[in-house]
Every structure is written in structure tokens, then in C-alpha cells.
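These are the residues of each chain, in order.
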Amino acid sequence: MHPNRRLFLAGSAAAAATAVLPGCATPGAAAVPAADRAAVPQPFFVQQARQKLLPRGKAPRIVICGGGWGGVTVAQNLRKTAPQAEVVLLERNPVFFSSPLSNLWLVDLAPTQFLTHDYLTVSERHGWRFFQAEVTQVDRARRLVHTSLGQLDYDWLILAPGIRYHYEAWFGNDRAAADATRQRFPSAYASNAEHWGIKRALHEFKGGEWVMNLPPPPQRCPPSPYERACMIAWHFKKHGIKARLTILDHKPDITPIGPGYHAAFRELYKDIITYVPNAHVQEVDPFNKRIRTSAGDMRFDHAVLMAPHQAGDLAWQADAIGLTPQGQATGWADIDPLKLHLRHDDRCYVIGDAIGRVSNLPFGFYPKSAHVANRLGRIVAYFIGERIAGRTPGTRLPDNLCYMAVNGDPAEAINVQFDYKLNDQGQIVQQQIDFNERSARLFKDDFLWAGHMFHEMFGTPKPA
Ligand SMILES: Cc1cc2nc3c(=O)[nH]c(=O)nc-3n(C[C@H](O)[C@H](O)[C@H](O)COP(=O)(O)OP(=O)(O)OC[C@H]3O[C@@H](n4cnc5c(N)ncnc54)[C@H](O)[C@@H]3O)c2cc1C
């Protein structure tokens, strides 16, 4: 470092320290007026990182924001479909934790190490770059991504941010109520850290009223809250905990695999689970542990409170959210359903749960599932590979497959599959097949499904 520069930095640090001293909470010290505080210079390294994260080479650069199910799948597949490209994945967490199977993990039916994967080792082994960084802004006009570690320009951008909780629908701008709800009664649908909160609460629960609410569609993994209810009820039963679990569902009935779940509630958890349909949340009071819905009010000892879902914050920061004809935000990324890039930016793809409507038919959205995120990751890897090679990609559609555990002893699950094709009018059509009969085979298949996914995403051994 140039000596003058070092002197300058030392001088400014001393100046900054002197400037803030009067503000310290020393008894008798005078408070610094707000106007003077605004003038206190920020230390050099506290400011937004402006340096380039990586030098620019000749290879086309593909930046992926979000390293969940969609992001990791697309990174791995791009090594095959676009081997000449530089692939960079930006993710805030140091390790991956799987939400699929997490309901089993809550009650110790799935081990932590099976669900947890290390990004750095995998990225080094497979030839893509991983940065543990928060993406703070996306400037699509300049093809620039801002992160907590620095800036990165791109040729192709893939947004895979998952979902956010739309607490504003419940609390308006009452941040304190939203924060209290998230901290005390997390749903673990948008943040991995929350899974530990639920597990702790469950294992410390001594009995009483446990409430879960389900938000209006579209939501992340629609059948999984009922799976969670079954696993929690099984835990109560196994440990002889005197507790009741009430499911407050926004929908008029359980879907998909409704008959399978109703049979499990009736035959396995009759004295524990109460299912309440058409329960539209009207008021949530996390301080007094109360929830008011169109189907009645409830007091609870513990709750899993799920605000409505929307595309992750990053999709909003990237100006990727669609608008209704009335000019309202749809809450989901505005993609071309067949090409999977933004309608108004063909260099920016969106995959996974953040994507908006794909069909005008009643189903409207692909299921917001890990399986679909994986399939969309594969498809976008193919699309970008073809375009870099100067070819026009063909049409490819995903499929979906979800296994849902309903019993822990004997271990049993039910399952649903979805297939998609184009009809004569060019619309995406959905076919749904429910397997409502619970079986040990489907429970085993759940682990096999995850094993195959982890093999593709993280290079773990292929399950036998
Ligand atoms: C309890 C539960 C059970 C489920 N069970 C199943 C199942 O059995 N089968 C199934 O198919 N699906 C299941 N799902 C759904 C599945 O987890 C999601 O559909 C899937 O994770 C979607 O993938 P994604 O890539 O869109 O989002 P995610 O996997 O959530 O990935 C998004 C990533 O982006 C990162 N990120 C977001 N913003 C930023 C930022 N600004 N900077 C840096 N990083 C950022 C996040 O940290 C996250 O890692 C379940 C979900 C839950 C909650």
C-alpha cells in the first residue's frame, strides 16, 4: 500500500473515532444532535462493496442468484450444456438444507447429514464458482448484480430466489407484529434457519393447543403442511403428549391427495388433528397468542403461522414482478411460460417457486415444489446452452412428483404426480394423478427420490 494512503486511512479512522466518542453512552456525556450524527463519516469498509467480485475473462458469464433446488440444479447442468461458460452461484447460506424431508427430520425420521450439503466442496469439484454472499440489488439495464461482497457483471442471469412471506397482508406496516410472528411462531417455509425453531418448539412442547394455518394459493408445496401436521401428531402420539393440533386451511378442502390425508387424520390421529376448511385469516395477535379467521377464533399455546407467499425479495429488487391489468403487483415473476425468461428481458431467466402464472387454465401455476424447481433448472440450462451455441432451443416442459409421509410407525407415505403438455391452442395443460393409499413403499421411495436429486445436485453417491 502507498505510505500516504496508509497515513490517510489511519488519520480518517482516528478522526472518525473522535467524532463518535461524544455519542458513547458514558454517564454524563452530552447526546449528539441527529444533524451532527448524519455528518459522521462512515468507515471506509462499512460502505457498500463496490469492487468487482471477479475479473472478466473471455468466456460468457452466467450468474445464478439463489442456491436452492433450482439454483444448484441449473449450475450443475450448465457445466454440461454450456461447458465454455463461466458459471457463478451467489447464495447467502454457507450450506444447503433441504426442505423436502424436513418434516420427517422434525420428528427424527430423517438424519441432518442427509439433508445438508456443502456448496464450496461441490462447486470446486464440479467447476462452477460459489460465493456466499447476499445479493442486494440487480441492475438489469447494466447487466450488473450487487452483492455484499462486490459487483458482478453478467451475460446471462438466472434468478432462483424462492419465496418471501407477505406479512404486509396481515399486518400492513406494523413491523413489530410481523417480526414477533416470525420469531415466535415461524413457519419454516422461506428460511432454513426457521426449521430449527420449529424443531426446538416441538421437542419442548408439553401439551395444549397447537395451531397451523395454511395460506391462500399459490403457496410453496401445497401438500407439505398436512404432512407436517401428520408428523407432529405422530410425535404427540408417540411421546404421550396431551395436545390437539388444529389446521386452519384457507382452501375449501385438502388438495392434492385429499382423500389420503383425510384417511390419515381419521384413522391415525382422530383425537389429535382437527381440520377446519375455509378459514381465512382475519387477524393475528402473536403477543396474546390468538388468531381470528372466517371459520372462528382460536387461542393457542404454540402455532406455525404462515403468511401468504410471494416471489422472493430478490425478484422484487430485480424488477421482475408482473402486474395485473389494473396495475397491481401479481407477487410473482413475469415470465414467458415456454421460454422461462422475463417477458421483457430475454437475458434474465427465472426458475423455481418465484415464477408466475404459466397457463390460463384453472390450475394457472406449476406446483411450487423442489421437483419442479429441479426440472426448470435443467430446462434453463438447456435453453442457455443452445442459445450460446447459436441454436434455437426446442420446447421443454417440467413434471412434478411429491411424496408425503403420513405415519411414522409403521413409516408410510402417499404421493402425487403431475404431467404437463401443450394443447392445440398452445396452452400448457396439467394432468394430476393422486396415490391416496398410504404405504411403506412410498415412504422408502421418498428417500430414493431425494437421493437421486442430491446425486444430481451435489454429486453424492447414486442410491441403489
Ligand atoms: C416443509 C417443506 C416441505 C417440502 N417438501 C417438498 C417435497 O417433499 N417435495 C418437493 O418437491 N418440494 C417440497 N417442498 C418445496 C421445496 O422446498 C421448494 O419448492 C423448493 O425449495 C423451491 O426451490 P427454489 O430454488 O425456487 O427455492 P429455494 O430452494 O428456497 O432456494 C432459494 C435460495 O435463494 C437464496 N436467496 C434468496 N434471496 C437471496 C439473496 N438476496 N441473496 C443470496 N441468496 C438468496 C435462499 O437462501 C435460498 O437458498 C417443501 C417445502 C417445505 C417448506
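What you see is a predicted model, and the numbers here were worked out from it, not measured in a lab. (Residues numbered from 1 in each chain as written. Predicted model: local features only at pLDDT ≥ 70, side-chain atom pairs only at ≥ 80, totals over all residues. Heavy atoms only, no water.)

Considering the overall build of the protein chain
Let me state the cut-off plainly: Comment: elements are numbered from the N terminus, with helices defined as DSSP H or I runs of at least four residues and strands as E runs of at least two. The quantity called the radius of gyration is restricted to C-alpha atoms. Its globule counterpart is 2.2 Å times the number of residues to the power 0.38. Residue exposure (1.4 Å probe, protein chains only): buried if accessible area is under 20% of the type maximum, exposed if over 50%, otherwise partly exposed. Two residues form a contact once any of their heavy atoms are found within 4.5 Å. All accessible-area figures derive from a Shrake-Rupley calculation using a 1.4 Å probe, and residue coverage is judged against the displayed protein chains alone. A residue counts as positive if it is Lys or Arg and as negative if it is Asp or Glu; His and the chain ends are not included. We put the charge of a Lys on NZ, of an Arg on CZ, of an Asp on CG and of a Glu on CD.
Scanning the protein chain for helices and strands turns up 14 helices and 25 strands. Taken over C-alpha atoms, the radius of gyration comes to 24 Å for the protein chain, in line with the 23 Å a tight globule of 464 residues would show. Across its three principal directions, the C-alpha atoms of the protein chain cover 80 × 70 × 50 Å. Each of the 464 residues in the protein chain was classed as buried or not, and the buried ones make up 50%. A separation of at least 24 residues holds for 66% of the contacts in the protein chain among residues at least 6 apart in sequence. Just so you have it, the protein chain exposes about 21,600 Å², and 53% of that area is on carbon and sulfur atoms. The average position of the 51 basic charges and that of the 43 acidic charges among the side chains of the protein chain differ by 5 Å.

Describing empty space enclosed by the protein
The gaps left among the atoms become clear once a water-sized probe is rolled over them. Test applied: Using only the protein atoms, space was sampled on a 1 Å grid; points where a 1.4 Å probe fits but cannot get out form cavities, open sets with protein on both sides within 12 Å along at least five of seven lines form pockets, and lining residues are those with an atom within 4 Å of a point. Grid points are joined across faces, edges and corners, and a volume is the space filled by probe spheres set on the points. Gly counts as polar in this scheme, as do all residues outside two lists: the nonpolar Ala, Val, Leu, Ile, Met, Phe, Trp, Tyr, Cys and Pro, and the charged Asp, Glu, Lys and Arg.
Enumeration over the complete set of coordinates arrives at one cavity of 30 Å³ or more. Lining the largest cavity, in full, are Gly352, Asp353, Ile355, Gly356, Phe365, Tyr366, Pro367, Lys368, Ser369 and Val372. Residue composition of the lining of the largest cavity, grouped by class: five nonpolar, three polar and two charged.

Regarding the domain arrangement of the protein chain
Operational definition: As used throughout, domain bounds are those supplied by an automatic or database domain assignment. Buried area is understood as the total, over both parts, of accessible area removed when two parts are fitted together, assessed with a 1.4 Å probe. Salt bridge, as applied in this entry: a Lys or Arg side-chain nitrogen positioned within 4 Å of an Asp or Glu carboxyl oxygen. Side-chain atoms alone can form a polar contact between residues adjacent in sequence; in general such a contact is a pair of N or O atoms within 3.5 Å, and within protein one must be able to donate a hydrogen while the other accepts it.
According to the domain assignment, the protein chain consists of domain 1 (61-162 + 312-399) and domain 2 (170-307). Distance between the C-alpha centres of domain 1 and domain 2: 29 Å. Every contact between the two is made by 16 residues of domain 1 and, on the other side, 17 residues of domain 2. Interface of domain 1 and domain 2: buried area, both sides summed, is about 1,700 Å²; carbon and sulfur atoms make up 60% of it. Counting every contact that joins domain 1 to domain 2 gives two salt bridges. Here domain 1 and domain 2 share nine residue pairs in polar contact (both at pLDDT 80 or more) between them. If one sorts the elements of the side of domain 1 that touches domain 2 by residue count, helix α4 (residues 102-106) sits on top with five residues. Counted by class, the side of domain 1 that touches domain 2 contains eight nonpolar, five polar and three charged residues.

Description of the pattern of salt bridges
Counted according to the given criterion, the structure contains 25 salt bridges. Across the pair Arg61 and Glu86 runs a salt bridge whose closest N-O atoms are separated by 2.8 Å. Of this pair, Arg61 sits in strand β1 (residues 61-65) while Glu86 sits in strand β2 (residues 86-91), placing them 25 residues apart in sequence. For Glu86, a relative accessible area of 19% gives the class buried. Arg182 is the partner of Glu194 in a salt bridge, and the nearest nitrogen-oxygen pair spans 2.8 Å. Here the residue Glu194 occupies a position in helix α9 (residues 193-204), and Arg182 occupies one in helix α8 (residues 175-184), the gap between them amounting to twelve residues. Classification of Glu194 as buried rests on a relative accessible area of 8%. Within this structure, Arg56, Arg61, Glu86, Asp153 and Asp155 form a network of salt bridges that share partners.

Some details on the sheet that holds β2
Operational definition: Two strands pair under a simple rule: DSSP has to find at least two bridges between them. All axes here are fitted lines through C-alpha atoms, helices being fitted over the stretch that makes contact, and every angle between N-to-C directions spans 0 to 180 degrees.
A sheet is described by the order of its strands in space; here six strands give the open sequence β5-β2-β1-β9-β22-β21, paired in mixed fashion. The strands lining the two open edges of the sheet, one partner per strand, are β5 (129-132) and β21 (341-342). Where β1 meets strand β9 (residues 156-159), four bridges bridge the pair, whose relative direction is parallel. What sits directly across from Val63, in β9, is Leu157. Along the sheet, helix α13 (residues 370-388) makes contact with β1, β9, β21 and β22 (345-350), crossing β22 at roughly 155 degrees.

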